[in-house]
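Chain by chain, the residues:
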Amino acid sequence: MYFLAVMKSSLSAQSTCKLKAKFNLNGYKDVEKKKVVIGGMFPVHMRIASSDGNTSRVPVSSGCEGFNFRTFRWTQTMLFAINEINTRKDLLPNTDLGYVIYDSCFTISKAVEGTLTYLTGQDEAVPNYRCGNGPPLAALVGAGGSDLSIATARIMGLYHFPQVSYSSTCSALNNKFQFPTFLRTIPNDKHQSSAMAQMVLHFGWTWVGIIAADDDYGKYGIKEFKEQVEEAGVCISFSETLPKVSSPEAIQSIVETVVESTAKIIVVFSSDVDLSPLISELLRHNVTNRTWVASEAWVTSALINQPGVSSLLAGTLGFGVKRADIPGLQHHLLDLDPYTDSFTEEFWEMLFNCTLNYERALRGLCTGRESVVKLNNTYSDVSQLRITYSVYKAVYAVAHALHNLEHCEAGKGPFAGNSCADITNFEPWQLMYYLKNVRFKVPNTEEEIYFVDGDIEGFYDIINWQVNSDGEISYVNVGLFNGSAAPEDRLHIMNGSIVWNNEVTEPPRSVCSEDCQPGTRKGIRQGEPVCCFDCIPCADGEISNTTNARECILCSGDNWSNDAHDACVPKIIEFLAFGEPLGITLIVISAFGALVTIGVGVVFLVHIGTPLVKANDALLSFSLLFALVVTFLCSIVFLGEPQHWSCMTSQVALALGFALCLSSIMGKASVLMLRAQALKAVRAKAKAAAKAAKAAAEAAVNSGSPDVIVTNINNNDVSAVPNSEVDALTFAHQRAIAAVATLIQAIACTVWLIILPPHPVKNTSSQNIKIILECDEGSVIFICCIFAYDILLALLAFVFAFIARKLEDHFSEAKCVTFGMLVFFIVWISFVPAYLSTRGKFMVAVQIFAILASSFGLLTCIFLPKCYILLVKPERNKEEMMRPRAKPRDGSSTGTSASLATTATDVNASFASTAVDDQAR
């Protein structure tokens, strides 16, 4: 009962099973009396014919349009290869191969139709059933583009049916989990993407545009290329997608992008069919000055290489699969009978623009005897057999696998129980085993073919589009890429053989921003790709010595950036040298001052016995002159490269020199001040005595006494004053003051030199480009105390001299000292801001000028008047000239600083009285 129920159910199912549609497939078929059949699928047409969209009738499978001469040559190559194999005695000698070839129309739907038909084994496709009883179908050679092969491989993989592609390069097909039975005789696009990326890097292009077809071939290929170049620092100017269905708006948008972009390099991953509309539109817009990088799918395509494209595509670089010459193929291509099949008929009519059918005689009638050779069509052009050669290899790969399957030795087979497969009735997975392990050499070329995970080695010729003497594009090999070599040895380009766009020999530059030269760094523009940047000059003290440096390098302490900021150079060593003009000038002035001072000393020494010299302590004068010589000469020690000894000597000599000088002046001024005070007291007493005498005389006169005689009272004479009162400070005291004051400074300097002595240093902070060699004072406190002490001495000397300024005679030394000290203060007060506002050697120069100016001021103010009297007016160098002058009528005090010390005991009395001669008494 159960068996009857199953039979009833089966009969019921058969009665309800029917075909939903019939496929409209064109191609070649030869299966009669053949032991094994090889399937083929080629995009002989470019697209399916558009339908009217009528849904009120039974749908009909669309036909195809847009005959492609190049892919028709591929189809004929498969026929040629099968015929060649059938005539060979060493390959499948006992087996004739048949073929079933369909047109995929470059459309997935047609490729699927053909795939289902292959699997069914008959013209009507019945999925999941093998309905044909003819020879077994060995494998499928096809199905053209990567999109088509992906669609067919998904279906064929379900049945473990082998598929060998000749032009499907998409890297996605390498996934054996999704496509377990897919193999190909053309390199994987991962090699081509890597080759394109290396080419871009080889020529230094960092700003490129990319265009890809809207299919798996374009998407996967451009994706891997983009990842590799972006990782290497290349930026993508634009990325556009070519529409699969005709879209003038999309094409126009791409053209506008290309025109507006500054990228001079455009990488295109597309088939020739998809790219052709864009090329036509670019030519219409007269777009030039671009270099195109072509994928293998269109690099030698006659569909792209049409007359007039040289202005746009001359200089194109692309990657082509291996080329080969196939003997006998051209003869086969030309030996066509236009009446044998619909494909050849359509080919003939398209080629000669005529018709073979009298009923369709819209054009001129063909005779069928026209010469294909004379037209020099892309179909008959066998100079660039690349994809054609790949078809040839694919057919031979299937043939060798079948040969190995047929010649399996019984008991040594690869299948269960060491069994072999029967070539007249084998399963597709059994042939798949032999295909995966096939290894053979291609006839004539001797290229060894074997599959590694379904792929062959990634080898490409690098092709350059060059304009020949006839004005046509020719394909010139300018290098190669071997994907199986070491990474550094994969790309070989003969740069000198390349002719670029506009027939220039130098590679074009394609950068968003020009390289930042050494001395600058890259400044990234906000919101723009990293290849778009500004070149920012390195700051002072920083350099960049490479192109496109991201950061500037800081120079070390003793170095500084040169003017170009591309190298660190030693800083300029600066100090006030002896030999430079300023140093020589200062030495001359210093020596002149010292010589003048010595000359003054000589003058004083020659006139040492004269009243003028005697009136001033000669020893103190000589000590003052010696101190001035020291200050003049110590300024020379400030010159030259600072050394330990010079730093200590210059500062100490200056401090001691001024201490001795100022203490000597202070000793002189103190005496002058005391004499002025004493003279003032004497005059007060004389004036009081004169008033008393006058009062007494007037009283006597008034009393009428005849014994009193009043004489003339002369208050203009200096009152007699004892010498001991006037010279409260002797010459010995003056010398002691000078010695003690100088000794105090000497002790302070000694302590300074012992504890924190001055020492030479390299000053790198004052001026960036210079190292200033200068003396470090060691201790700011010590230097301030020492020179503050000199200032104290100067202030005391000035105060003493100022107080004694009215002590006047024919020669007023107090006024000379006062003026000298005023000059001293003016010089050093002016020196402070000048010193603080200068740097480097000019600080030393300012200091020396201050020393020299103050020294010359003291020398001039104190000694010039004396030398004038000694040398020019010797008549004034007399004893009486050193005495006081008459007191003016206004009662102002008069006196002499020189005469008071020598004539104090000879002063006349201020009044006189006469005693009454009392002899009569």
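## Topic: the state of the cysteines
Note: disulfide means a covalent bond formed between the sulfur atoms of two cysteine side chains.
Thought 1: Per the stated rule, a full pass over the model turns up nine disulfides.
Thought 2: The partner cysteine of C408 in its disulfide is C420, sulfur to sulfur 1.8 Å. Where C408 bonds to C420 through sulfur, the torsion about that S-S bond is close to -60 degrees, and the disulfide is left-handed. Of this pair, C408 sits in the loop between α12 (387–406) and α13 (428–436) while C420 sits in the loop between α12 and α13, and the two are twelve residues apart along the sequence.
Thought 3: Owing to a relative accessible area of 18%, C408 belongs among the buried residues under this scheme.
Thought 4: We classify C420 as partly exposed; its relative accessible area is 26%.
Thought 5: Covalently, C538 is tied to C552 through a disulfide, its sulfur atoms 2.0 Å apart. Of note, the bridge from C538 to C552 carries an S-S torsion of about -80 degrees and is left-handed in sense. Of this pair, C538 sits in the loop between β22 (533–537) and β23 (542–543) while C552 sits in the loop between β23 and β24 (553–554), and the two are 14 residues apart along the sequence. C552 carries the same exposure label as C538, and that label is buried.
Thought 6: Take C785: it sits in no disulfide, and the sulfur closest to it among the cysteines is that of C784, at 6.9 Å.

## So, the sheet that holds strand β30 (residues 770–776)
Thought 1: The strand order β27-β30-β29 describes an open sheet built from three strands, whose pairing is mixed. The sheet is open, and its two borders are formed by β27 (572–574) and β29 (759–763), each paired with just one other strand. When strand polarity is set aside, the average angle formed by the axes of neighbouring strands in this sheet is 25 degrees.
Thought 2: Here three bridges tie β27 to β30, and the two strands are oriented parallel to one another. Each residue of the ladder has a partner; that of I572, found in β30, is K770.

## Considerations on the sheet that holds strand β11 (residues 265–269)
Thought 1: Here we have eight strands laid out as an open sheet, ordered β10-β9-β11-β12-β13-β18-β19-β20, and mixed in their pairing. Of all strands in the sheet, those with a lone pairing partner are β10 (235–242) and β20 (491–493), marking the two edges. Looking at each pair of strands side by side, their axes are set apart by 25 degrees on average, direction ignored.
Thought 2: Summarising the sheet, β11 and strand β12 (residues 291–294) pair through four bridges and their orientation is parallel. Its bridge partner lying in β12, V268 is registered against A294.
Thought 3: Across the sheet, helix α5 (residues 189–202) touches β9 (207–213), β11, β12, β13 (317–320), β18 (459–467), β19 (473–482) and β20, and the angle it forms with β11 is around 175 degrees.
Thought 4: Along the sheet, helix α6 (residues 216–231) makes contact with β9, β10 and β11, crossing β9 at roughly 160 degrees.

## Quick notes on helix α4 (residues 146–158)
Thought 1: In this model α4 runs 18 Å from its N-terminal to its C-terminal C-alpha over 13 residues, within 8% of the 18 Å that 1.5 Å per residue would give.
Thought 2: With respect to burial, α4 is a largely interior element, eleven of its 13 residues being buried.
Thought 3: All of the buried residues in α4 are S146, D147, L148, S149, I150, A151, T152, A153, I155, M156 and G157.
Thought 4: Turning to α4, the residues buried within the fold contact β2 (36–42), α3 (108–120), β6 (137–141), β7 (163–165), β8 (182–184) and α6.
Thought 5: At the exit of α4 stands H160, carrying a positive phi of roughly 55 degrees.

The rules behind the values
- Residues numbered from 1 in each chain as written.
- Predicted model: local features only at pLDDT ≥ 70, side-chain atom pairs only at ≥ 80, totals over all residues.
- Heavy atoms only, no water.
- Disulfide = S-S within 2.5 Å.
- Helix = DSSP H or I, 4+ residues; strand = E, 2+ residues; numbered from the N terminus.
- Buried < 20%, exposed > 50% of the residue type's maximum accessible area, 1.4 Å probe, protein only.
- Pairing = 2+ DSSP bridges.
- Axes fitted to C-alpha atoms, helices over the stretch in contact; angles between N-to-C directions.
- Contact = heavy atoms within 4.5 Å.
- Expected span 1.5 Å × (residues − 1).

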